[in-house]
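Structural overview
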Amino acid sequence: MTARTEKENKEKKAEIQNYTFNFGPQHPSAHGVLRLILEVDGETVVRADPHVGLLHRATEKLAETKPYLHNIGYMDRLDYVSMMCNEHGYVLAIEKLLGIDIPLRAKYIRVMFDEITRLLNHLLWLGAHGLDIGAMSVFLYCFREREDLLDCYEAASGARMHAKYYRPGGVSRDLPDQMPQYVPSRWHNKKDVAKMNKNREGSLLDFIEDFTKRFPACVDEYETLLTDNRIWKQRTVGIGVVSPERAVALGFTGPMLRGSGVEWDLRKKQPYEVYDQMDFDIPVGVNGDCYDRYLVRVAEMRQTNRIIVQCVKWLRENPGPVLHPDHKITPPPRQDMKENMESLIHHFKLMTEGFCLPAGEAYAAIEHPKGEFGVYLVSDGANKPYRLKIRAAGFPHLAALEEMVRGHMIADVVAVLSSLDIVFGEIDR
């Protein structure tokens, strides 16, 4: 064997083959049940192939077998971090086909809870994004505020998560005049409990108003932990860059699109409910990287707080009905149902058979915390949908994952995936 042949053999042995492996579905940073097949050249990602469907529950098909009112609970379980926003898109589509307008107070309640839901979503995202990248403590800070917001859900609807609060024709009930109170226990004595109940002595609106006064300082704390943190910036600046033109071409919406510098927000561009009465700004990014998407969502939390303050002010000054008066669509009050035969019949028919929509089709979209959440509803005149198609806000973002991570390191895949803010309930449906 010549020296040259020996050298060639050594060079062949030194070549590094591309390696393929699974990221998830059991990986804690896969944000649910994502199976991501990564092909790497050394430490550099060559290809990323997302496999979805592991949380598929046939929601759209199940909806075709049940009356319209029974499907609201399915909407809660799509993006199970933004429950009431999912309900909103669905009931708007029904109201479009019915051709009804809901009471103004119900519109303000919906907008207020949409924004509370936006905070719930962004707080969970920020905490999980921090954990994925290695910032442990911000998760605990975010969940401190989430607890108060989930208490608002519980006070209004009776459930901390799957609220089923929005109804075709308004919301299921008006806002309560009192908040649930803590009671003394082995862990908290009377003095502790009195301190914990201090902001719970009034109505739900009082509690929310107190929260809006405290919240800007909480966002300052998150920013102190992260925004100028050297390690945080090293992990996010210049990672997963998407240009404005490419973001539009890929079908991005919400913070993903705004993070790339495109000022598009359905609350401003195609206002629904009372968003045209609200005073708020649309934060946009500059570079379209993970860091800009973080900054956009943090700025959005501040704007959301402004909207909630305006809603609370209006709701205090304007009592009124929260459901459409037609009892063929909305249930009569419980007291009437127990005293009046006609109301009892209305209630029974509504809760069993439901109502029929006129034949036709409608698409309703809202500015969901993750982007545009749309519901396309086709009715054949029956009491259940002929077809229900859901436009999941996160689906186009996941589809662009390969393009965003190609050429980055394996560790950057986690940062990019986390910056998408995906939840598989809505992606797999």
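Higher on the page you've got the structure.
Quick caveat: nothing in here was measured; it's all calculated off a predicted structure.

On to the overall build of the protein, then. A tally of helices and strands in the protein yields 19 helices and eight strands. Computed over its C-alpha atoms, the radius of gyration of the protein comes to 25 Å, within 12% of the 22 Å expected for a compact globule of 429 residues. C-alpha extents for the protein along the principal axes are approximately 105 × 60 × 45 Å. Counting all 429 residues of the protein, 53% fall into the buried class. Considering only residue pairs separated by 6 or more positions, the protein has 69% of its internal contacts joining residues 24 or more positions apart. Entry remark: accessible area of the protein is about 19500 Å², with carbon and sulfur atoms responsible for 54%. Positive and negative side-chain charges in the protein, numbering 55 and 60 respectively, have mean positions lying 3 Å apart.

Turning next to the nonpolar core. Ranked by size, the top nonpolar core spans 87 residues in total, and within it Met112, Phe113 and Tyr165 carry the most contacts. Residue contributions to this core peak at 13 residues, all from helix α5 (residues 104–133). Once residues lying within four places of it in the same chain are set aside, the contact partners of Met112 are Leu175, Leu205, Ile208, Ile308, Cys311, Val312 and Leu315.

Let us look at the pairing of strand β8 (residues 387–391). Judged by which residues are buried, β8 turns out to be one-sided: Leu388 and Ile390 face inward and are buried, whereas Arg387, Lys389 and Arg391, on the alternate face, are not. Pairing between strand β7 (residues 371–379) and β8: five bridges, direction antiparallel. Bridging across to β8, Val378 finds its partner in Arg387.

Now for helix α4 (residues 83–98). Given 3.6 residues per turn, any residue in an α-helix points the same way as the ones three and four places further on. The end-to-end C-alpha distance of α4, which contains 16 residues, comes to 23 Å, matching closely the 22 Å that a straight helix rising 1.5 Å per residue would cover. With 14 of 16 residues buried, α4 lies mostly within the body of the structure. Looking one or two residues past α4, Gly99 carries a phi angle of roughly 70°, positive in sign.

Taken in spatial order, the three strands line up as β6-β7-β8 in an open sheet, and their pairing is antiparallel. Lying at the two open borders of the sheet, with one neighbouring strand each, are β6 (360–368) and β8. Recorded for the sheet is a direction-independent mean angle of 10° between the axes of neighbouring strands. Running over the sheet, α4 touches β6, β7 and β8 and is turned about 150° from β6.

Moving on, we come to the packing of aromatic side chains. Scanning all chains against the criterion turns up 12 aromatic pairs. Ring centres of Phe211 and Phe215 lie 5.2 Å apart, and the angle between their planes is 25°; this geometry places the pair in the stacked category. Taken together, the positions of Phe211 and Phe215, both in helix α8 (residues 204–226) and four residues apart, correspond to about one turn of that helix. Look at Phe211 and you get buried, because its relative accessible area is 3%. Cluster of aromatic residues (ring-pair linked, three or more members): Phe113, Tyr153, Tyr165 and Tyr166. In this arrangement the basic side chain of Lys268 is found over the ring face of Phe280, its NZ or CZ atom lying 4.5 Å from the centre. Above the ring of Trp125, the side-chain terminus of Arg297 is found at 4.5 Å from the ring centroid.

The full count for this structure, using the stated rule, is 33 salt bridges. Notably, a salt bridge pairs Arg316 with Glu209, separated by 2.5 Å at the nearest N-O pair. Of this pair, Arg316 sits in helix α13 (residues 290–317) while Glu209 sits in helix α8, and the two are 107 residues apart along the sequence.

The strand order across the open sheet built from three strands is β1-β2-β3, with neighbouring strands paired in antiparallel fashion. Taken across any chain shown, the strands that pair with only one partner, and hence form the sheet edges, are β1 (19–23) and β3 (44–51). Taken pair by pair, the neighbouring strands of this sheet meet at an average axis angle of 20°, ignoring direction. As judged from the five bridges shared by β1 and strand β2 (residues 35–41), these two strands associate in the antiparallel manner. Within the sheet, the bridge partner assigned to Phe21 lies in β2 and is Leu38.

The next thing to look at is the environment of Ala382. When you line up the elements, Ala382 lands in the loop between β7 and β8. A C-alpha to C-alpha distance of 56 Å links Ala382 and Asn18, two positions 364 residues apart in sequence.

Conventions adopted
Residues numbered from 1 in each chain as written. Predicted model: local features only at pLDDT ≥ 70, side-chain atom pairs only at ≥ 80, totals over all residues. Heavy atoms only, no water. Helix = DSSP H or I, 4+ residues; strand = E, 2+ residues; numbered from the N terminus. Rg over C-alpha atoms; globule rule 2.2 N^0.38 Å. Buried < 20%, exposed > 50% of the residue type's maximum accessible area, 1.4 Å probe, protein only. Contact = heavy atoms within 4.5 Å. Areas by Shrake-Rupley, 256 points an atom, 1.4 Å probe, with all protein chains shown as cover. Lys, Arg positive; Asp, Glu negative; His and termini not counted. Charge placed at Lys NZ, Arg CZ, Asp CG, Glu CD. Core = buried A, V, L, I, M, F, W, Y, C linked by side-chain atoms within 4.5 Å. Pairing = 2+ DSSP bridges. Expected span 1.5 Å × (residues − 1). Axes fitted to C-alpha atoms, helices over the stretch in contact; angles between N-to-C directions. Phe/Tyr/Trp six-rings, centres within 6.5 Å; stacked < 30°, edge-to-face > 60°. Lys NZ or Arg CZ within 6 Å of the ring centre and 35° of its normal. Salt bridge = Lys/Arg side-chain N within 4 Å of Asp/Glu carboxyl O.

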